[in-house]
Amino acid sequence: MSTNRYLGLSLSVLLGVAWLPEAGAQMPAQSACHNAAAPRTAIYFVNGVTTTRDEARLNGGKLELQFLHKLPTMAPAVQAMCHLFFLNINPTSGAVKDFLEAGQQRLGLTSTTFWQGLEGAGLATSGVIAQVLQRSVNNADQIDQETIQRHASAYREQIASPSCRRVLIVPHSQGNLYSNASYDEVYGQVEKPPLGALKIVGVATPADAVQGGGLYRTSSTDVLISGIRLVLSGTLPANTHWGISPLLVSPAYSGGHSFIGYLTAEPSRTQILTDMESSLIALASVNPC
Amino acid sequence: MIGRVHAENLLCRWCVDTVGLLMTTGVLSGLLLSCSGENSTSASPSQTESIAGMDADANGVRDDVDRYIDTTYAGQVNADLNKAVRQYAKAVQLSLVDADSHTLSLTHATERFRALECLMARRPDEFHTIFVDIRAQLLNTPSRSEAYLNADDQVKTANIPLLPADQWVTACQS
């Protein structure tokens, strides 16, 4: 074994197994998807604030990769289902524009440094953008009913015939608020889908509950959510962490709030996947239509 | 209706929460910014540079970005990654130039998704840092950054189909 390889492995042991390289680039197709009679689940990622569409695609991709890596060791009931991945976009380009202006005018950031640090808490929590966010508090159009309706409609369509799919939502950050609201919208209709056909596994949630008795993971090292909890004590308590992770000091992930960070660091990664597994086991027992 | 009111309250609360957070983490964020060097002033391109920029070889990617990709992802070992990153760069360049068109923005957003799926297939453990890096190079002026966000705005309610992970590699252009 070369010295570099030895040092790399030693570092991996020190930092946790999450830092070992992932398995091959080409994922095999899910065997259950070859069986037309196998039950289908729709797994949705819902993005948080300051997440552009491209980042949302990558977040959803990370979720899919991590899930598929663990799928062979999941319960037989989960392996027997064909899991299809989707995005429900929470449009945030307006907020990012505001941050961009604030970053350039008040912090003197170049455009390049702005985009390099967009996910870092350094920019997202910088005091100089307080005005931007304070404006949001008084701005009625920040409450996006159209998005809630669009998301709820997508879930209803998945559950209803002819799709007849169970739905698992994995929202990040502000996406948790949209997911809870969409859940209420779905079950607030006169014609309700079967109870338990829609479940949520929240990540980094600023909410005080997960609708439908869903599970969640918020890290004690998440600066953003920890700050929110200082102001609003009802915010769900932290129940995971990122361990000793270089992500915590990385400019791109500082603040411990990034979705990809949650799915890279341990134990948060394994715990989120375990929550998904137990939610899917529960979903397997429900006939959606 | 109750659910809607609940949602409004929660979403309002999100904003209030965030403002509260700003006050509690101001010192920390200052440290983070200074430590990460994000305040550093580096040479930036002319603010009057056009959105399209210079593309002397007409390959659909700005010359400065071409040079950056070839320098950063050099060698045979990175040949596949070099192509994947250039595929994304090309899709972003088209998105910027056509940001005023809803129809073209949708087409280019789909092209960006395919390019990102290719990138995830090529580097499943590194794709995010590669993405952050190349996008920062592509959006190196305020006008390019705004065009990118405008292009996103054009398709904010669109539902762009995703390729499943076992098909991501098929999104790679040769």
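Here's what I pulled together on the structure shown here. (Residues numbered from 1 in each chain as written. Chains lettered and ligands numbered in written order. Predicted model: local features only at pLDDT ≥ 70, side-chain atom pairs only at ≥ 80, totals over all residues. Heavy atoms only, no water.)

1. Considerations on the environment of Tyr73 of chain B
Residue and element names in this part refer to chain B. Definition in use: Counting from the N terminus, the helices are DSSP H or I runs at least four residues long and the strands are E runs at least two residues long. The cut-offs for exposure are 20% and 50% of the maximum accessible area for each residue type, with area from a 1.4 Å probe on protein chains only; residues under the lower value are buried, those over the upper are exposed, and the others partly exposed. Contacts between residues were defined by any pair of non-hydrogen atoms, one from each residue, lying within 4.5 Å.
Structurally, the position occupied by Tyr73 is in the loop between α3 (63-72) and α4 (79-97). Judged by its relative accessible area of 8%, Tyr73 is buried. Considered as a pair, Tyr73 and Asp100 are 27 residues apart in the sequence and their alpha carbons are 32 Å apart. Each residue touching Tyr73, except ones within four places of it in the same chain, is listed here: Asn78, Leu81, Asn82, Val85, Ile130 and Asp133.

2. Quick look at the sheet that holds strand β5 (residues 215-217) of chain A
Residue and element names in this part refer to chain A. Let me state the cut-off plainly: Pairing between strands is defined by DSSP: at least two bridges between the two strands are required. Angles run from 0 to 180 degrees between N-to-C directions of axes, and those axes are lines fitted to C-alpha atoms, restricted for helices to the stretch in contact.
Strands sit in the order β2-β1-β3-β4-β5 across an open sheet of five strands; the sheet is parallel. The strands lining the two open edges of the sheet, one partner per strand, are β2 (82-88) and β5. Neighbouring strand axes in the sheet, compared pairwise and without regard to direction, differ in orientation by 20° on average. Relative to strand β3 (residues 166-171), strand β1 (residues 40-46) runs parallel, the two sharing six bridges. What sits directly across from Val46, in β3, is Pro171. Against the sheet, helix α2 (residues 53-70) makes contact with β1, β2 and β3, and its axis sits at roughly 160° relative to β2, the strand it touches most. Strands in contact with helix α8 (residues 145-159) are β1, β2, β3 and β4 (198-203); relative to β1, the strand with the most contacts, it is inclined by about 170°.

3. Let's talk about the pattern of salt bridges
Residue and element names in this part refer to chain B. This is how the line gets drawn: A side-chain nitrogen of Lys or Arg and a carboxyl oxygen of Asp or Glu constitute a salt bridge if their distance falls within 4 Å.
One pass over the structure, following the stated rule, counts 14 salt bridges over all chains. For Asp80, the salt bridge is made with Arg123, and the minimal N-O distance between the two is 3.2 Å. Placement of Asp80 in helix α4 and of Arg123 in the loop between α5 (102-122) and α6 (127-138) is noted, with a sequence separation of 43 residues between them. Relative accessible area serves as the criterion here: at 26%, Asp80 is assigned to the partly exposed category. Between Arg112 and Asp152 there is a salt bridge, with the nearest N and O atoms lying 3.4 Å from each other. Within this pair, whereas Arg112 is found in helix α5, its partner Asp152 is found in helix α7 (residues 142-154), the two being separated by 40 residues in sequence.

4. Observations regarding the side chain of Arg144 of chain B
Residue and element names in this part refer to chain B. The test is simple: For this analysis, a polar contact is any N or O atom pair within 3.5 Å, provided that within protein one partner can donate a hydrogen and the other can accept it, and provided that sequence-adjacent residues contribute only side-chain to side-chain pairs.
Note that Arg144 resides in helix α7. In this structure Arg144 comes out as buried when scored by relative accessible area, which is 0%. Among the polar contacts made by the side chain of Arg144, one reaches the side chain of Asn140 at a distance of 2.8 Å. Here Arg144 is in contact with Glu49, Ser50, Ile51, Ala52, Gly53, Arg62, Leu96, Leu138 and Leu139, once residues within four sequence places are set aside.

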